[in-house]
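Spelled out from the first residue to the last, the chains are:
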Amino acid sequence: MRALTLVLLAILGLPLTFGGAYLLSLGGSPFYLISGVAVLVAAFGFFKRARWALPLYAVWMLVLLVWSLWEAGLHWWPLATRLGLPAIIGFVMAIPASRRDAAGKLPFASGMPVLATSVLSAVIAFIGIPFHLHETSGKLSMEVVNPDAKTGDTVQAEGDWEAYAGSYHGQRFSKLNQITPDNVNKLDVAWQIRTGDMKGPGDVGETTYQATPIKIGDSLYLCTPHSLAIALDADTGAEKWRFDPQAGLESNRQHQTCRGVAFYRGADVTPVAAAVAEVAGEQPAAALEAPVAQATAASTAAMCKNRIFLPSSDAKLYALDAATGAVCEDFGDKGAIDLMHNMPTKQPGYLNPTSPPVIIGDILVLGHSVNDNYAVESPSGVIRAYDVHNGKLLWNWDSGNPEATEPFDPANPDQVYKASSPNSWTVFSADAELGLVYVPLGNRVPDQLGKYRNEHEDKYTAAVVALDIKTGKLKWYQRTVNHDLWDMDLASQPVLLDLDLEQGRTPAMVLPTKQGDVYVLDRRDGTPIHAVTERAAPQGTDIPGEHTVATQPVSALSFEPPALTEKSMWGASLIDQMMCRIQFKQLRYEGRYTAPSLQGTIVYPGNFGVFNWGSVAVDPQRQVMFGMPTYLAFVSTLIPRAELSGDTVMNLGEQGINANEGADYAVKMHPFLSPLGVPCQAPAWGTIAAADLRTGKIAYQYRNGTIQDLSPVPLPIKVGVPGIGGPLMTTTGVAFLGAAVDNNFRAYDVATGDVLWNARLPAGGQATPMTYLNSQGEQMVVLVAGGHGSVGTTIGDYVIAYKLKK
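As a starting point, this report considers the structure included with it. (Residues numbered from 1 in each chain as written. Predicted model: local features only at pLDDT ≥ 70, side-chain atom pairs only at ≥ 80, totals over all residues. Heavy atoms only, no water.)

**A word on the pattern of salt bridges**
Applying the stated rule across the entire model yields 35 salt bridges. With a shortest N-O distance of 2.9 Å, Glu566 and Arg581 are connected by a salt bridge. Of this pair, Glu566 sits in the loop between strand 25 (551–555) and helix 9 (574–586) while Arg581 sits in helix 9, and the two are 15 residues apart along the sequence. No difference in accessibility class separates Glu566 from Arg581, as the two residues are buried. Three or more residues are tied together by salt bridges with common partners; here these are Glu71, Arg82, Glu566 and Arg581. (Salt bridge = Lys/Arg side-chain N within 4 Å of Asp/Glu carboxyl O. Helix = DSSP H or I, 4+ residues; strand = E, 2+ residues; numbered from the N terminus. Buried < 20%, exposed > 50% of the residue type's maximum accessible area, 1.4 Å probe, protein only.)

Written out as structure tokens, the structure reads:
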């Protein structure tokens, strides 16, 4: 026992001494060096069996306790990791067997001082258990403000879910009312199927299930990571049909995923855009008045009256018959459009339509992802509109050449879009009454090097644009980052609802961002409903030809975390925390929007995002939102091309080193982690939160998720873990959310944030749930659970439906 005590003291004291000295040389806290010396002196005294050794260690423990409270406050996780190992050593030192005299009989010193301070440290830490960072207690008002609120532009059959988020308003909200806070704990699996589409050895790292099914009539429709479209019986999950586009594998793809398919409900064939014009009370534009081409065969027209549109990872868009899954050969080239048409470059795998299109009337609007940071000259991020019947290109809006909206000729090789212009890879929203489609844009690659952008690309980077559905002309835009160098692309689908404000009922848009800002805008013209102000930003860059901007926009409604400091560094132990502090001092960080650098820059919030493609759920009746703010810092390092060797591993996804071929610098991106692989900022890393959209006030925010599926010992300890995916809300005040990196699917009381139901999943649930009525009139809730390749959750291929037990 004596030898064990000496070993433990050495394990603690030596790293603290040498690491603390290095930290001090970097301008960091002297406490670690002082602590290391104190522990080593106590270890020497213990070795010599000096009576003063244990009191010295006890005094140091008291100082450590006071220092920890001063730095971290009464918060469990920061205290536990600072005090844990020293307290354990103190308990070991207090054991009589470790304090025997030279004769091996009587203790050479009393163990009471170290026992008392160790117990005191443990008690203080345990007192901090109820207190956690990123938590705000409160209650959300559940007053129904507008009982007749619109959930979309079209009247759906009761119990259907016709679009990715329920409708093209993006609300992730259902008026179904069978599942309530009182009975949600009675949910049970109604059916469960496996698609058979699993991540294989030849797949890219980020092969992920992110799909949300849609439900029309008696069928569910979804897609899988390898672009299979599948129709299921909504009652039983039995497969009706499947379509495999044979998209194949491509090592250059950054993402192997499909978030969903889109549905077109056929009607009498009408001129293009007539449905939009009818809703808006206008006549179609003259250029669009030509009748839609009829199908050459009457049988084909009848078969494909209702269509499913499938984006596939080989850069194609397919039209399928909703009833049979057969290809609609009157669409595009025998049922498909090759989205590489008019592209300036055609690298395999660089263009990938990962999200479903928006369909308003007879017009389908689609974006796509472009690989981040692989090459300066990459495919364009152009937004395009097609005729749902024949696939004819109707207009194109290219953020790098925004005035050229007249459709290019896909057969003309001289007409090409702007290389690498900001793209939109996430889900769009649309307002048919206003005749606008809302497109959240990303960055022109390379993300961290703005000098390759033209004035238009810089203007529209990280902006939401409102485009005329009929013409593609820009109506308004709102930029959320000025001269974005941090990959703060707009990942979330905008959410549309009407807000009852002092000035009256106002058509609004809710736009969550990676920075944590939630923009609430008048969707007619982009005017902020809750204030958007400019704030001074960190200045300076060490990259020739690059620049920073003086200010950055900030929204009044924001889940932005406090800026990092050396004191806020964390780790699994006192030593691990010290190593994080060393990294913090080595890296560049002056707060949010610190420019990328050669030494490495901390990006916080990181490009994983406070909000990502899961967006938020909005109740349009109560005019409140529910979401999952996530907090992870990243490190961005620019690498001069001369420093890259021929065997440097690059282009394996968004993380790691990406080549930026054609630029002077490659970029390395990775989470800001300790040597033990835990985040360098203290938990919670994942939360759930709610806000009142009329007042712009946050009601509550709480930790979400456990480390059960992350730690070697599967303990369901509620830390608050990261997640990616979206929520679902119902009119009864219940929210559903998977997404977190534990394999759990939870239901929450929207009013309080309390967990009402918690079900284990067979794989990661990094998708957004949906709800519908089956043929028996029973409310079902469905989640796809297939895991997330780069996040590292359990891989699977499950579609799971739940309903109330009878």
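**Considering the environment of Ala763**
Relative to the assigned elements, Ala763 resides in the loop between strand 37 (755–760) and strand 38 (770–773). Taking the C-alpha atoms as reference points, Ala763 and Pro679, 84 residues apart in sequence, are found 23 Å from one another. Setting aside chain neighbours within four positions, we find Ala763 in contact with Asn743, Ala785, Gly786, Gly787, Thr794, Ile795, Gly796 and Tyr798. (Contact = heavy atoms within 4.5 Å.)

**As for the nonpolar core**
Ranked by internal contacts, the top residues of the largest apolar core, which has 67 residues, are Leu9, Leu12, Tyr57, Trp60, Leu64, Met93 and Leu574. Of all the secondary structure elements, the ones that give two or more residues to this core are helix 1 (2–25), helix 2 (31–47), helix 3 (53–72), helix 4 (76–94), helix 5 (112–127), helix 9, strand 29 (634–640) and strand 31 (665–671). Those residues in contact with Met93, other than ones at most four positions away along the chain, are Thr5, Leu9, Phe46, Leu54, Tyr57, Ser98, Arg99 and Val114. One finds Cys304, Ile363, Leu366 and Leu441 within the second-largest nonpolar core, a separate group that totals 44 residues. (Core = buried A, V, L, I, M, F, W, Y, C linked by side-chain atoms within 4.5 Å.)

**Notes on the sheet that holds strand 19 (residues 463–468)**
If you walk across this open sheet you meet the four strands as 17-18-19-20, and the pairing is antiparallel. Looking at strand neighbours, the two that pair on one side only are strand 17 (429–431) and strand 20 (474–479), the edges of this open sheet. Along the sheet, successive strands turn relative to each other by an average axial angle of 20°, direction set aside. Across five bridges, the pairing between strand 18 (residues 436–440) and strand 19 is antiparallel. Paired with Leu436 across the two strands is Asp468, which belongs to strand 19. (Pairing = 2+ DSSP bridges. Axes fitted to C-alpha atoms, helices over the stretch in contact; angles between N-to-C directions.)

**What about the sheet that holds strand 40 (residues 798–804)?**
Across the sheet, four strands lie side by side as 2-40-39-38; this open sheet has antiparallel pairing. Lying at the two open borders of the sheet, with one neighbouring strand each, are strand 2 (187–194) and strand 38. The average undirected angle you get between the axes of adjacent strands in this sheet is 30°. Sheet topology places strand 38 next to strand 39 (residues 779–785); four bridges connect them, and they run antiparallel. Bridge pairing in strand 39 places Tyr772 opposite Met780.

**Re helix 2**
Owing to its 3.6 residues per turn, the α-helix brings residues three or four apart onto one side. When the terminal C-alpha atoms of helix 2 are compared, their 24 Å separation across 17 residues agrees well with the 24 Å that a helix rising 1.5 Å per residue should span. Listed in full, the buried residues belonging to helix 2 are Phe31, Tyr32, Ser35, Gly36, Ala38, Val39, Ala42, Ala43, Gly45 and Phe46. At its buried positions, helix 2 is contacted by helix 1, helix 3, helix 4 and helix 9. Arg49 sits one or two residues past helix 2 and shows a positive phi near 60°. (Expected span 1.5 Å × (residues − 1).)

**Examining unusual backbone geometry**
Going from Val445 to Pro446, the amide bond is cis rather than trans, its omega being 0°. Looking at the secondary structure, you find Pro446 in the loop between strand 18 and helix 8 (455–460). Phi is positive for Gln246, which is not a glycine, with a value near 55°. If you trace the backbone, Gln246 turns up in the loop between strand 6 (239–243) and strand 7 (262–264).

**Things to note about the pairing of strand 37**
As defined by bridge partners, strand 36 (residues 744–749) adjoins strand 37 across five bridges and the pair is classed as antiparallel. By the bridge assignment, Asn744 is partnered in strand 37 with Arg760. Linking strand 36 back to strand 37 in an antiparallel pair, the connection comprises five residues, with Gly753 at a positive phi of about 85°.

**A few points about a nonpolar patch on the surface**
On the surface, a nonpolar cluster with roughly 530 Å² of combined accessible area is contributed by Leu69, Leu74, Phe91, Val119, Val123, Ile127 and Phe131. Of all the elements, helix 5 adds the most residues to the nonpolar patch, at three residues. Structurally, the position occupied by Leu69 is in helix 3. Classification of Leu69 as partly exposed rests on a relative accessible area of 32%. (Patch = residues over 30% accessible without salt bridge, like charges linked within 9 Å, V, L, I, M, F, W, Y side chains within 5 Å. Areas by Shrake-Rupley, 256 points an atom, 1.4 Å probe, with all protein chains shown as cover.)

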